[in-house]
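Spelled out from the first residue to the last, the chains are:
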2 protein chains.
Amino acid sequence: MSTAPARGCLSIVGMGPGDPELLTLKAARILRESPVAAWFARHDRTGHAREIAGDLLSADVIALRFAYPFTVEIPVSDPRYPARMAEFYDRCAEDIAAHLDAGRNVALLCEGDPFLFGSAMYVFDRLHGRFRCDIVPGITGMAGCWSQAQVPMVHGDDVLCVIPATLDEDSLCGWLERANAAVIMKLGRNMAKVRDALRRTGRDGRAVYVERATQAQQRCMPLADAGERAPYFSIILVPGRTGVR
Amino acid sequence: MSTAPARGCLSIVGMGPGDPELLTLKAARILRESPVAAWFARHDRTGHAREIAGDLLSADVIALRFAYPFTVEIPVSDPRYPARMAEFYDRCAEDIAAHLDAGRNVALLCEGDPFLFGSAMYVFDRLHGRFRCDIVPGITGMAGCWSQAQVPMVHGDDVLCVIPATLDEDSLCGWLERANAAVIMKLGRNMAKVRDALRRTGRDGRAVYVERATQAQQRCMPLADAGERAPYFSIILVPGRTGVR
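To start, this report covers the structure provided alongside it. Remember, it's a predicted structure, so these values are computed and weren't measured experimentally.

1. Focus on empty space enclosed by the protein
All names here are of chain B.
Okay, so step 1: As enumerated under the stated definition, the model contains one cavity of 30 Å³ or more in all.
Okay, so step 2: There is about 40 Å³ of room inside the largest cavity.
Okay, so step 3: At three residues, the largest contribution of residues to the lining of the largest cavity is made by helix H5 (residues 141–149).
Okay, so step 4: Taken together, the residues of the lining of the largest cavity break down into three nonpolar, four polar and two charged.

2. Structural notes on the sheet that holds strand S1 (residues 10–14) of chain B
Residue and element names in this part refer to chain B.
Okay, so step 1: Here we have five strands laid out as an open sheet, ordered S3-S2-S4-S1-S5, and parallel in their pairing. Among the strands making up the open sheet, the edge pair consists of strand S3 (62–67) and strand S5 (133–136). Taking the axes of each pair of neighbouring strands and ignoring which way they run, one obtains an average angle of 20° across the sheet.
Okay, so step 2: As paired elements, strand S2 (residues 36–41) and strand S4 (residues 106–110) share four bridges and run parallel to each other. Across the sheet, residue valine 36 finds its bridge partner in S4, namely valine 106.
Okay, so step 3: Its contacts with the sheet put helix H1 (residues 25–33) on S1, S4 and S5, and the angle it makes with S5 is roughly 135°.
Okay, so step 4: Sheet contacts for helix H4 (residues 120–127): S1, S2, S4 and S5; angle to S1, the most-contacted strand, approximately 160°.

3. Thoughts on the packing of helix H6 (residues 169–178) of chain A against helix H7 (residues 191–200) of chain A
All names here are of chain A.
Okay, so step 1: Closest axis-to-axis distance for the H6/H7 pair is 9 Å, and the angle between their directions is 45°. Our classification of the angle between H6 and H7 gives oblique. As H6 runs across H7, the sense of the crossing is right-handed. Counting all contacts with H6, which are made through Glu169, Asp170, Leu172, Cys173 and Leu176, the residues of H7 involved are Lys193, Val194, Asp196, Ala197, Leu198 and Arg200.
Okay, so step 2: Broken down by class, the residue content of the contact of H6 with H7 amounts to six nonpolar, no polar and five charged.

4. Quick word on the pairing of S4(B)
All names here are of chain B.
Okay, so step 1: The buried fraction of S4 is high, at five of five residues.
Okay, so step 2: Across the two faces of S4 the burial is the same, with Val106, Leu108 and Cys110 and Ala107 and Leu109 all buried.
Okay, so step 3: Direction of pairing for S1 relative to S4: parallel, over a ladder of five bridges. Its bridge partner being in S4, serine 11 is matched across the sheet by alanine 107.

5. Structural notes on the pairing of strand S3 (residues 62–67) of chain A
Residue and element names in this part refer to chain A.
Okay, so step 1: Summarising the sheet, strand S2 (residues 36–41) and S3 pair through six bridges and their orientation is parallel. Bridge pairing in S3 links alanine 37 to alanine 63.
Okay, so step 2: The handedness of the S2 to S3 crossover, carried by helix H2 (residues 48–53), is right-handed.

6. A closer look at the interface of chain B and chain A
Okay, so step 1: Facing 52 residues of chain B, the contacting portion of chain A comprises 52 residues.
Okay, so step 2: Approximately 4800 Å² of surface area, both sides summed, lies buried where chain B meets chain A, with 64% of it carried by carbon and sulfur atoms.
Okay, so step 3: On inspection of chain B and its partner chain A, the count reaches two salt bridges.
Okay, so step 4: With its nearest N and O atoms 2.5 Å apart, the salt bridge here joins Arg29(B) to Glu21(A).
Okay, so step 5: For the side of chain B that touches chain A, the elements supplying multiple residues, two or more each, are H1, H4, S5, H5, strand S6 (160–164) and helix H6 (169–178) of chain B.
Okay, so step 6: Tallied by class, the residues present in the side of chain B that touches chain A amount to 33 nonpolar, seven polar and 12 charged.
Okay, so step 7: Here strand S6 (residues 160–164) of chain A pairs with S6(B) via three bridges, running antiparallel. The residue bridging Val162(A) from the neighbouring strand is Leu160(B), located in S6(B).

7. Focus: the nonpolar core
Okay, so step 1: Counting 140 residues, the largest nonpolar core has Ile96(A), Leu237(A), Ile96(B) and Leu237(B) as its most contacted members.
Okay, so step 2: Leaving out residues up to four positions away in the same chain, Ile96(B) has contacts with Leu10(B), Ala38(B), Leu64(B), Phe66(B), Val106(B), Leu108(B), Val123(B) and Leu127(B).
Okay, so step 3: In terms of nonpolar packing, the next biggest core, distinct from the first, is built from 50 residues, Ala179(A), Ile236(A), Val194(B) and Ile236(B) among them.

8. Let's talk about helix H4 (residues 120–127) of chain A
All names here are of chain A.
Okay, so step 1: Counting buried residues along H4, six of its eight residues qualify, which places the element largely inside the surrounding structure.
Okay, so step 2: Those residues of H4 that sit buried are Ala120, Met121, Tyr122, Val123, Phe124 and Leu127.
Okay, so step 3: On its buried face, H4 sits against strand S1 (9–14), S2, helix H3 (80–101), strand S4 (106–110) and strand S5 (132–136).

The rules behind the values
- Residues numbered from 1 in each chain as written.
- Chains lettered and ligands numbered in written order.
- Predicted model: local features only at pLDDT ≥ 70, side-chain atom pairs only at ≥ 80, totals over all residues.
- Heavy atoms only, no water.
- 1 Å grid on protein atoms, 1.4 Å probe; cavity = no way out; pocket = protein on both sides within 12 Å on 5 of 7 lines; lining within 4 Å.
- Points joined across faces, edges and corners; volume = space filled by probe spheres on them.
- Helix = DSSP H or I, 4+ residues; strand = E, 2+ residues; numbered from the N terminus.
- Nonpolar A, V, L, I, M, F, W, Y, C, P; charged D, E, K, R; others polar.
- Pairing = 2+ DSSP bridges.
- Axes fitted to C-alpha atoms, helices over the stretch in contact; angles between N-to-C directions.
- Contact = heavy atoms within 4.5 Å.
- Parallel < 35°, antiparallel > 145°, perpendicular 65-115°, else oblique.
- Left-handed = near helix turned anticlockwise from the far one by under 90°.
- Buried < 20%, exposed > 50% of the residue type's maximum accessible area, 1.4 Å probe, protein only.
- Right-handed = clockwise from strand over helix to strand, strands pointing away.
- Buried area = accessible area lost by both parts, 1.4 Å probe.
- Salt bridge = Lys/Arg side-chain N within 4 Å of Asp/Glu carboxyl O.
- Core = buried A, V, L, I, M, F, W, Y, C linked by side-chain atoms within 4.5 Å.

Here it is as C-alpha cells:
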C-alpha cells in the first residue's frame with residue numbers, strides 16, 4: 001500500500017530592498033533549504049528577487065521563473081489587464097501547487113515585504129486555503145530608503161501615510177495635506193504629477209528622493225535636485241515633525 | 001608624536017519584532033563585531049532589544065544599558081516629560097560619544113526599525129553631525145504582525161496609514177474614514193477608544209488584533225475576540241480592499 005507524500009509548505013519570502021545582507025537569517029535559511037524556488041520577473045530580465053538570492057539557492061534547485069505577460073504595455077484601466085493578469089497568477093499558482101502536492105517545499109521570493117504591494121499576495125490568495133503557508137517578512141523598500149537617506153521618519157503621535165504615486169493629483173494633495181509623514185511609492189512616470197502635488201501642498205521643501213536604495217547604483221538627494229525621470233521603484237520621503245526632541 | 005585613534009562608527013541596528021531569526025544578516029554581523037553594544041530598557045527589565053540579540057554579542061562586549069527614567073509615570077503632556085527625557089537622551093548620547101571618540105565602534109540596538117517610532121532617533125539627532133552613522137533597517141513590528149496573521153495589507157493604489165492609538169478619538173475616526181488600509185500602533189491603555197473609533201467608522205468588521213508577533217507568547221485573532229486590555233506594543237490591522245484580484 002502506498003502513502004501519499006506529505007504536502008509541501010509554501011514559504012513566501014521577503015527579500016528586502018536589494019542589498020543581500022539585508023535578508024533575514026530566516027530568509028537565508030529557507031533559501032538554502034528549499035528544493036524549489038519561484039519568483040516573478042519582467043519578460044526580458046533575470047528578476048530582482050532572484051538576483052538578491054545570489055548563490056544562497058542550491059545548485060540543483062528547481063527554478064520557477066514567472067515572466068509577467070506584460071508590464072506597462074496594457075494600462076491598468078484596460079479590461080484586458082485584470083483578465084490577463086488573473087490568468088497569469090492562476091498559472092503561477094498551479095505550477096507551485098504541483099510541487100507542493102508532490103511533497104516539495106517551495107520558496108516564493110519577493111522583493112521587499114511580501115504583503116506590502118507584493119505580487120506574492122495574488123498567489124497567497126489562490127493557495128492559502130489548500131496548503132500550509134509561512135510568510136517571512138522582509139525589509140521594506142521604504143525602510144531601505146529612509147535608512148540610507150538617514151531621514152528619521154516618525155515619532156510621538158505622527159501619522160505615516162504610504163501613498164502610491166498612481167493616484168490622481170487631487171487625491172495626492174488630499175493625502176499630503178493631512179499626513180504628518182509620507183512615503184510616496186511607484187514613482188516612475190508619475191514624477192511630474194507628484195512634484196506638483198508636493199508643491200501645491202507646501203510639502204516639497206523637506207522631501208527627499210531615493211532610488212535603488214541599498215544597491216550599488218543607489219542615488220539619494222533633496223527632491224529639488226532630482227531629475228524629471230525616475231525608475232518605477234524609486235521613492236520620495238517626506239519626514240514627520242521635527243524640533244520636538 | 002602620538003596620533004588620535006580613528007573615530008568609531010555608530011551603527012543603529014534594527015532588531016525586528018522579536019524572533020531572533022528575523023534579524024538581518026547585516027545586523028547579526030554587526031552584533032558579532034561590535035566591541036560596544038547599547039540599548040534602551042524599562043528600569044526593571046533586561047530590555048527587549050538585548051533579549052533578541054541573545055548570544056550574538058561577544059562575551060566581552062562593553063554593555064551600555066540605558067534605563068528610561070520613567071515610562072508611564074509622567075504623562076507626555078506634563079512639561080517635566082520632554083525636559084527629563086531630553087536630559088536622559090543627552091546622557092545616552094554622551095556615553096556613546098565617549099566610546100566613539102576612543103575609536104570604538106558602537107552598536108545601538110533598536111526593536112523593529114530604528115527610524116519608525118524608535119528611541120534611537122533621539123540619539124541619532126544628537127550625534128550624526130559629529131560621528132559616522134550607519135542605519136541598519138529592521139523588520140517592523142507591523143510587518144511581523146501582518147505576516148503572522150497572514151493578512152495581505154495593500155495592493156494596487158491602496159493607501160496605508162500607520163496611526164498611533166494615542167491620538168484622540170475624533171482624529172482616529174478621521175484617519176479610519178479615509179485610509180484604505182490601516183495599522184494602529186501603541187494600543188495599551190487606548191484599546192477601548194480605538195475599538196469605539198473602529199466601530200464608529202464601520203472598520204471593525206475585518207480588523208485583526210495581534211500581540212507579541214513572532215514571539216513565543218504571540219496572540220492573533222479577529223478584533224471582536226480580543227479582550228479589553230492590550231500590551232503597549234500590540235497592533236490592530238485593518239487590511240485594504242479585497243476582491244479585486
